[in-house]
Amino acid sequence: METSKILETIKMIDEECLDIRTITMGISLLDCADADIQKSCQKVEEKICRLAKDLVRTGEEISREFGIPVVNKRISVTPIAFLVAASGGDPVEYALTLERCAQKLGVNFIGGYSALVQKGYAKGDHDLIESIPRALTITDHVCASVNVGSTKAGINMDAVKQMGEVVRRCSEMTSDRNCIAAAKLVVFCNAPEDNPFMAGAFHGVGEGDCVINVGVSGPGVVRAALAKAPRTATMDEMADLIKRTAFKITRMGQLVGKEASRRLGVPFGIVDLSLAPTPEVGDSVAYILEELGLETCGAYGTTVCLAMLNDAVKKGGVMATSHVGGLSGAFIPVSEDAGMIHAAEAGVLKLEKLEAMTAVCSVGLDVIVVPGKTSADIISGIIADEAAIGMVNSKTTAVRIIPAIGKEEGEVLDFGGLLGSGPVMPVNQTPNAVFVNRGGRIPAPLQALKN
């Protein structure tokens, strides 16, 4: 019996793209605040480099010894806007400090060039948000995020307007590099404090001083399991199969997280059991949905299939670890998912259908490439709509949208690496400037009154 389980796991890794997508060390920088920005940056660099000095080596050792691919080693930090509030000065100094840390330590990304403005701007927030295009243009490993809404607070429409402009500037400033800055920026509603996945990771103020969080993957494994089921299998039978598979995937994440925690002497945080796709053939959430009986992802029935998948993944995963967190569900990034790319290129999967799907999955409009002519107002409208879905449904939603400067619908923007390439999707360009410019705050929905 044990031999068969070992062989099954080996097959998952070798043939079905199973991996640990990330070991992410969350580090609090609250004790690095200082009225002098240079002293604050020195404290930040010293603390990150001290606590994470063995992170990459430990991840590689676990991968080698256990035979489990650990794809990314990452760091998330306290939202930098908190430090800017204390120090003032140019926030980009912090971005440059984080970049130095990433280069010294050899991590893939550092997340946390972030601000939480769902209810309004505190000191430091506006300046940090305005600096995001510069910060992401001059760094390679720094990721940014801004939370503009929540179920408790409503939606900060002043921040929504600002983020449309910021996203647009990110693309413009890196138009010679495939608009990569915009691909490192996420706009959230109900952002979780313990998310290990980039580009939206930050270390929340409710977290401990330093923790290890793990993000698992495994769409290919789920698809392979469903492919073996007869075409006559009922949907509840398919849901049970997904649950059992998610349990196996999450147990591996629990094992790696606990081992990394022990070796690094850092408390274990959570396992994010999200199905995170890659551009690799077969490693696709869209292909899972097609195994459930859809000809192509985007066909009618896609939203309910995704809802079932998300629910089954959570039910299977929570039985495998005592600490579930982050986003935990199914990602639907168009440029990172071969099946999503195919569906978008075929014209079956459109932005409006993706928006409907985000009501039942774990993230939102992720790595969506739109025509370069798309205005900041249109981007703000997309952000506001997505935030509304998160706010009303008490769930996390996000927007990572890339205006492909100089490109039109039907062309392709190629990021390379894990981000893959994305088809430029059509966007409804109907003007909405009057709405966007109203500003203010959309009040929280009635379900916010749960106290």
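Residues numbered from 1 in each chain as written. Predicted model: local features only at pLDDT ≥ 70, side-chain atom pairs only at ≥ 80, totals over all residues. Heavy atoms only, no water.

S.K.: Break down the overall build of the protein for me, citing the residues and quoting the values.
M.R.: Of regular secondary structure, the protein possesses 15 helices and 13 strands. By its C-alpha atoms, the protein is 60 × 55 × 50 Å across when sized along the principal axes. For the protein, the residues scored as buried account for 61% of the 451 residues in total. The contacts of the protein with a sequence gap of at least 6 include a subset with a gap of at least 24, amounting to 79%. Total accessible area on the protein stands at roughly 17,000 Å², and carbon and sulfur atoms take up 53% of it. In the protein, 44 side chains carry a positive charge and 54 a negative one; their mean positions are 4 Å apart. (Helix = DSSP H or I, 4+ residues; strand = E, 2+ residues; numbered from the N terminus. Buried < 20%, exposed > 50% of the residue type's maximum accessible area, 1.4 Å probe, protein only. Contact = heavy atoms within 4.5 Å. Areas by Shrake-Rupley, 256 points an atom, 1.4 Å probe, with all protein chains shown as cover. Lys, Arg positive; Asp, Glu negative; His and termini not counted. Charge placed at Lys NZ, Arg CZ, Asp CG, Glu CD.)

S.K.: I'd love a proper account of the packing of aromatic side chains, names of residues and values included.
M.R.: Taken as a whole and assessed by the stated rule, the structure comprises one aromatic pair. Ring centres 4.9 Å apart and planes at 70 degrees place the aromatic pair F197 and F331 in the edge-to-face group. Highlighted residues: F197 in the loop between β6 (185–189) and β7 (210–216) and F331 in the loop between α11 (302–318) and α12 (338–345), separated in sequence by 134 residues. With respect to burial, F197 and F331 carry one shared label: buried. (Phe/Tyr/Trp six-rings, centres within 6.5 Å; stacked < 30°, edge-to-face > 60°.)

S.K.: Now, about the nonpolar core: what can you tell me, with residues and values included?
M.R.: Counting residues in each nonpolar core, the largest one holds 130 residues, and the members touching the most others are I48, I75, I80, Y113, I132 and L309. Among the elements that take part in this core, helix α9 (residues 235–264) stands out by supplying ten residues, more than any other. Counting residues in hydrophobic clusters, the runner-up holds 14 residues, among them C143, M198, A276 and L327. (Core = buried A, V, L, I, M, F, W, Y, C linked by side-chain atoms within 4.5 Å.)

S.K.: Describe in detail unusual backbone geometry, supporting the description with residues and values.
M.R.: Excluding glycine, a negative phi dihedral is what most residues carry, and trans is how most peptide bonds are arranged. A cis amide bond links M198 with the next residue in sequence, A199, at an omega value of 15 degrees. Take A199: it is sitting in the loop between β6 and β7. For N190, which is not glycine, the phi torsion reads 60 degrees and is therefore positive. Looking at the element boundaries, N190 is found in the loop between β6 and β7. On the basis of relative accessible area, N190 is assigned to the buried category, the value being 18%. With a phi angle near 50 degrees, V367 is a residue other than glycine that sits in the positive phi range. Within the secondary structure, V367 is located in strand β9 (residues 365–371). The class for V367 is buried, based on a relative accessible area of 0%.

S.K.: Lay out the side chain of S171 in plain terms, naming residues and giving numbers.
M.R.: Here S171 shows up in helix α7 (residues 157–173). Assessed through its relative accessible area of 0%, S171 is described here as buried. Among residues more than four places away in sequence, those in contact with S171 are C179, A182, I402, P403 and I405.

S.K.: Summarise α11; cite the residues concerned and give the values.
M.R.: Over its 17 residues, α11 runs 24 Å from end to end, which matches the ideal 24 Å to within 8%, given 1.5 Å per residue. Inspection of α11 places T302, T303, C305, L306, M308, L309, N310, A312, V313, G316 and G317 among the buried residues, and these make up the whole buried set. Buried residues belonging to α11 abut α8 (219–227), α9, α10 (285–291) and α13 (351–357). (Expected span 1.5 Å × (residues − 1).)

S.K.: If you had to explain helix α14 (residues 376–393) to someone new, which residues and values would you point to?
M.R.: Side chains of residues three or four places apart in an α-helix project in the same direction, reflecting 3.6 residues per turn. Spanning 18 residues, α14 covers 26 Å between terminal C-alpha atoms, matching the ideal 26 Å at 1.5 Å per step. With respect to burial, α14 is a largely interior element, 13 of its 18 residues being buried. Of the residues one or two after α14, S394 is the one with positive phi, at around 55 degrees.

S.K.: Any chance you could break down the packing of α8 against α9 for me, citing the residues and the numbers?
M.R.: The geometry of α8 relative to α9 is characterised by a closest axis approach of 10 Å and an angle of 145 degrees between their N-to-C directions. Regarding α8 and α9, the two cross each other, and that crossing is right-handed. Here α8 contributes V221, V222, A225 and L226 to the contact with α9, which in turn contributes M238, L241, I242, T245 and I249. In terms of residue class, the contact of α8 with α9 is made up of eight nonpolar, one polar and no charged. (Axes fitted to C-alpha atoms, helices over the stretch in contact; angles between N-to-C directions. Left-handed = near helix turned anticlockwise from the far one by under 90°. Nonpolar A, V, L, I, M, F, W, Y, C, P; charged D, E, K, R; others polar.)

S.K.: Account for the packing of helix α6 (residues 125–137) against α7, naming residues and giving values.
M.R.: The interhelical angle for the contact between α6 and α7, taken along N-to-C directions, is 15 degrees, at an axis separation of 8 Å. In terms of orientation, α6 lies roughly parallel with respect to α7. Considering the relative orientation of α6 and α7, their crossing is right-handed. From α6, H126, I129, E130, I132, P133, R134, L136 and T137 reach across to α7, where they touch Q162, M163, V166, R169, C170 and M173. Across the contact of α6 with α7, the residue classes break down as eight nonpolar, three polar and three charged. (Parallel < 35°, antiparallel > 145°, perpendicular 65-115°, else oblique.)

S.K.: Quick rundown of the pattern of salt bridges? Include the residues and the values.
M.R.: One pass over the full model with this rule turns up 22 salt bridges. Where E130 meets R169, a salt bridge forms, and the shortest distance between an N and an O atom there is 3.3 Å. Note that E130 is positioned in helix α6 and R169 in helix α7, a separation of 39 residues in sequence. Taking relative accessible area as the criterion, E130 reaches 32% and is therefore assigned partly exposed. (Salt bridge = Lys/Arg side-chain N within 4 Å of Asp/Glu carboxyl O.)

S.K.: Give a description of a nonpolar patch on the surface that names residues and reports values.
M.R.: A cluster of nonpolar side chains, namely F247, V318, M319 and V324, defines an oily patch on the protein surface of about 360 Å² accessible area. A residue is classified by how much of its surface remains accessible, and M319, at 63% relative accessible area, is exposed. (Patch = residues over 30% accessible without salt bridge, like charges linked within 9 Å, V, L, I, M, F, W, Y side chains within 5 Å.)

S.K.: Can you explain the environment of G218? Please cite residues and give values.
M.R.: Inspection of the secondary structure assignment puts G218 in the loop between β7 and α8. In this structure, the C-alpha to C-alpha distance between G218 and P277, residues 59 residues apart in sequence, is 7.5 Å.

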